Amino acid sequence: MRTASERDLLARLHIDGPLLGGAILICVLGLVVLYSASGQSLEVVVRQGLRMLLGLAAMCGIAQISPLRISRWAPVFYVLGTLLLFVVFLFGTGRGTHRWLEMSFIRFQPSEIMKLAVPLTAAWFLNDKLLPPRFPIIAVVLVMVLLPGGLVMVQPDLGTAILIMAAGLLVLFFAGLNWRWIAVAVISGVVLAPIAWYAMRDYQRQRILTLLDPEKDPLGAGYHIIQSMIAVGSGGWSGKGWLNGTQSYLEFLPERATDFIFAVYCEEFGLIGVLVILVAYSLVLARGVQIALSAQDAFGRLVAASLTVTLFVYIFVNMGMVIGQLPVVGVPLPLVSYGGTSLVTLMTGFGILMSIQTHRRFIVES
Amino acid sequence: MLKLKKFRTLVGQSAQVSTQSQEVRVFQRRLWFAVSGMVLLALLLVIRLILLQVIHHDHYTTLSQENRLKVLPIPPTRGLVYSRNGVLLADNRPSFALEVVPERVPALDQALTELGKIIPLDDDQLERFDTERSEKRRFDAVSLKINLTEEEVAIFEANRYRFPGFDIKARLTRYYPLGSQLAHVVGYVGRINVDELNEIDEGDYSGTTHIGKEGVEKAREAVLHGTAGYEQVEVNAQGRILRVVERVAPVPGKDVHLTIDTDLQAAAINALKGQRGAIVAIEPATGAVLAFVSNPAFDPNEFVNGISAKLYAEWRNSPDRPLVNRALQGLYPPGSTVKPAMSIAGLHFGVRTPGDTVWCPGWLQLPGQDHKYRCWQKQGHGTVDLMRSIAESCDVYYYALARDLGIDRMHEILSQFGFGKLTGIDLPGELGGLLPSREWKKRVRKMPWFPGETLINGIGQGFMLATPLQLAHMATILANRGEVLVPRVVAELEDPLTHVVEPIAPFNRPAVEVANAAHWRPAIDGMHEVVQGSHGTARATGAGAAYQYAGKTGTAQLFTIAQDHTVKNQNVTKLLRDHALFIAFAPLEQPEIAVGIIIENGESGSHTAAPIARELFDFYLKQKPPEDDAHS
């Protein structure tokens, strides 16, 4: 229980207590498991901790900006980001994929901006329209979402593309997109899948077949999935204990500090540990839902709901991949996986949620 | 529903509030729907986790305890490359490399300094090491120094306890025994770079470090590489390998046998005497490339383990441009070598008969123009018929022919002789040159076609550009009297284990459409006159040959000589002198070899390029034993 003065202080600073607390809790869990996953490298943990502080600073900074101003800037970032995606598409360099933009001072991933710019711009566009939206409006939003999504997909970065498109399409969903449209989209997806299969190159098909039957590819992705499931399953109720995960220490786990860090977590902390982190995520998600419900305009509602559910998609896709339920796509576990780019984006997203919550005109305590 | 909404917007404020509240109601329903969805999916996750961690826990614990099995990839042995006459062109040789796993080295910079004291490391190696390290993951091995001497290996082994994370790996390195001789055909392999990583099958290449970058090595990467095998090994708790449990052997890559004859190739290089240029020789019956020279060349071995920045800069900036594959990518105006094809176009469209003559006073003017289109022969050829026009290479004859044909019909026939498009040779990076047309000029130059340009293109100057390969290809088409075979350098693939040979069949394209097969005769007779007639431009080189053959000289102008001015070539700096061109095939009937030759700044096709063709024909037709036919 916090005192009234503390609450006032946080409110004056435009900080939302529950969100801040949840984020810090997850970050701490992340650093603990990272120490183990990095082979007990304090250097890695310190570096990640600094990134988290940077992320928290970004979060608090964004929270100071009113939603109105955020909504006005969103299209600017959207247009800039899309242009940069085209530039990357044409000249990008990177680790085997065209996703980085080399600048003199920093290596920069434009697709990361779009994770926020797409839902924000869609919500900005829908804010003054009659909702639920009708056809021409829906078409505009679809183009707005699918153009950057497609550019990211051809980079190729399937994981980020999924997150960008999910965030944008969720805005449309929450705006009240007719169920008939949704049904049409789902059915056409089912119909188009076999056509896409024929259009694919041999090695792409091979990768999909591997997802369906991991044992077929003992050197590639299949091996990783099997090893990851062994790590999770052998964790049991209470885990093998911190720093005692044999799967990660014997290097059976791939990408164990980044995309597969959840496997290390499961192995060392077991089902109980998993429930703890799930509760921490639920806290943040629940607060997001609450903020969406109490938002006072369409922009706030749509953005808050979309960002919250996108965070869930993030978590679900990563965990599903680690426990062998979903195909392997490069999606990190929010706030836990090693790496700075997605961390800063997520924290910025939290900052936007805080801004929506703390800049309401009439604050009604519930 | 629609009407209702319109009504509401019309009614105003109160209706606005009611749409607003409807909007909020829809939103809240959607949000609760999404929340139920999230709860449901989260439950699925938890159920799956319970399944793995509680119900099947024992199973996975057993697997984890028995998980002493690691899968290690075994790279396949790369296929070898041989010439037509069985000379080994690309070999695999054992070598030792010093590798580092950065994650396992406590203080990398310090370790490198220490190591430098016992094994010399130069800046180039360290720089390459840094580049490779930045592209790889921390737990991947990065090579630091390749081709260690046996002494260096011994020194390292004695000191290895001081360098955790450093290891010596024995492996096979690509080696090209003939060096620069076939660099532009065989190409070379190099370390896999980030762009290539994206295109290859990760599993199949997980133990492979090198990939074909140029030439046959690149074109035939799929067959040369083979399929990776793997080894399941048992490791102890520290990760040390105890024994091999299962081994799936890799499938080695196939050996590639080329159509290139290394003796002829060497003869061609010698004949160039160090001049810049290109020579392509093709067997007309099959399209098999017998020699493929681009001079000067480079030593491909330098690229295998990463070329030093200094040497690379030197090659790149050399005015001789050894890295450029002139035969495949060098673009030159084909000059007078197009005249036989032009004469065939004239016959095909009925614009000329073989006996039709043109009066050559040394120039031709278009009506209403002052400009004189000049013949190379200043004083003129006099009366010229088709055969003489080829034998003596009369420009005025072809100015007039081009004028009468028009650019569209010229384009139609010359295109069938392979100009302006890829020959389709099985080497990467081929250029198709340029065969201008009205449509091209409008599209690229945004200008209409001018009649004068037709004339200039009629003697192979102006916009026209062709590669030496295209010239040899045209010589092949003339030798075959219209039949078009795609040139190729790979003759067959051989499985190194079973020795099963898979020949690559010759591949035909639609033949040149000529109204009457007899139209080939005068052009070929004219080409015969060029080398073995009494007035031919290259009669000096054809004299005394033991066989009949056909050729056509050409000069590619680099330097436009102003009207009514003569510039002695001695006064023109060497790099501005004309390129010398020559196409030829031999023998005249049932030809066995066709060539295209370019000598850069060689000035005159008849003096510098034509003798080379004679030398190659003498060499090839004499040394070739009759039973060798079975091989090709």
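Please refer to the structure higher up on the page.
Residues numbered from 1 in each chain as written. Chains lettered and ligands numbered in written order. Predicted model: local features only at pLDDT ≥ 70, side-chain atom pairs only at ≥ 80, totals over all residues. Heavy atoms only, no water.

1. Examining the pairing of strand β11 (residues 277–283) of chain B
Residues and elements named next belong to chain B. Counting buried residues in β11 gives seven out of seven residues, a clear majority hidden from the surface. Taking every second residue as pointing to the same face, both faces of β11 are buried, with G277, I279, A281 and E283 on one and A278, V280 and I282 on the other. As paired elements, β11 and strand β12 (residues 288–295) share seven bridges and run antiparallel to each other. Residue pairing across strands places A278 opposite S294, the latter belonging to β12. What sits between β11 and β12 in their antiparallel hairpin is a turn of four residues, with G287 showing a positive phi close to 80°. Two strands pair when backbone bridges link them, and β11 and strand β23 (residues 593–599) are joined in this way by six bridges, in the antiparallel orientation. Each bridged residue has a counterpart across the sheet, and for G277 the counterpart in β23 is I599. (Buried < 20%, exposed > 50% of the residue type's maximum accessible area, 1.4 Å probe, protein only. Helix = DSSP H or I, 4+ residues; strand = E, 2+ residues; numbered from the N terminus. Pairing = 2+ DSSP bridges.)

2. Some remarks on unusual backbone geometry
L131 of chain A connects to P132 of chain A through a cis peptide bond whose omega is 0°. Considering the arrangement of structural elements, one finds P132 of chain A in the loop between α5 (110–127) and α6 (135–153). With an omega of -5°, the peptide bond running from N295 of chain B to P296 of chain B counts as cis. Turning to its location among the elements, P296 of chain B is positioned in the loop between β12 and α12 (301–304).

3. Looking at empty space enclosed by the protein
Residue and element names in this part refer to chain A. A complete count under the given rule lists four cavities of 30 Å³ or more for this structure. In this structure, the largest cavity encloses a volume near 200 Å³. Residue lining of the largest cavity: 17 residues in total, with L116, L307, T310, L311 and L346 positioned closest to the centre. Secondary-structure elements contributing two or more residues to the lining of the largest cavity are α5, α7 (158–174), α12 (261–294), α13 (298–322) and α14 (341–358). Residue classes in the lining of the largest cavity are distributed as eleven nonpolar, five polar and one charged. (1 Å grid on protein atoms, 1.4 Å probe; cavity = no way out; pocket = protein on both sides within 12 Å on 5 of 7 lines; lining within 4 Å. Points joined across faces, edges and corners; volume = space filled by probe spheres on them. Nonpolar A, V, L, I, M, F, W, Y, C, P; charged D, E, K, R; others polar.)

4. Notes on a nonpolar patch on the surface
All names here are of chain A. The grouping of F86, V87, F89, L90, F91, V143, L147 and V154 at the surface amounts to a nonpolar patch, some 770 Å² of accessible area in total. Listing elements by their share of the nonpolar patch, those giving two or more residues are α4 (67–91) and α6. With five residues, α4 is the largest single contributor of residues to the nonpolar patch. (Patch = residues over 30% accessible without salt bridge, like charges linked within 9 Å, V, L, I, M, F, W, Y side chains within 5 Å. Areas by Shrake-Rupley, 256 points an atom, 1.4 Å probe, with all protein chains shown as cover. Salt bridge = Lys/Arg side-chain N within 4 Å of Asp/Glu carboxyl O.)

5. Structural notes on the pairing of strand β18 (residues 490–494) of chain B
All names here are of chain B. When you tally the buried positions in β18, you get five out of five residues, the bulk of the element. Sheet analysis places strand β10 (residues 255–258) next to β18, joined by four bridges and oriented antiparallel. Looking at the pairing, V256 lines up with L493 of β18. Examined bridge by bridge, β18 and strand β19 (residues 501–503) share three bridges and lie antiparallel to one another. Note that in β19 the partner of L493 across the bridge is E502. The hairpin formed by β18 and β19 contains six residues between the paired strands, and H499 there has a positive phi angle of roughly 60°.

6. Digging into the sheet that holds strand β21 (residues 550–556) of chain B
All names here are of chain B. In space, the five strands of this open sheet follow the order β12-β11-β23-β22-β21, with antiparallel pairing throughout. Because the sheet does not close on itself, it has two edges, and the strands there are β12 and β21. When the angles between neighbouring strand axes are averaged without regard to direction, this sheet yields 5°. Most of the contacts of helix α22 (residues 520–532) go to β21, to which it runs at about 75°, and overall it touches β21 and β22 (579–586). (Axes fitted to C-alpha atoms, helices over the stretch in contact; angles between N-to-C directions. Contact = heavy atoms within 4.5 Å.)

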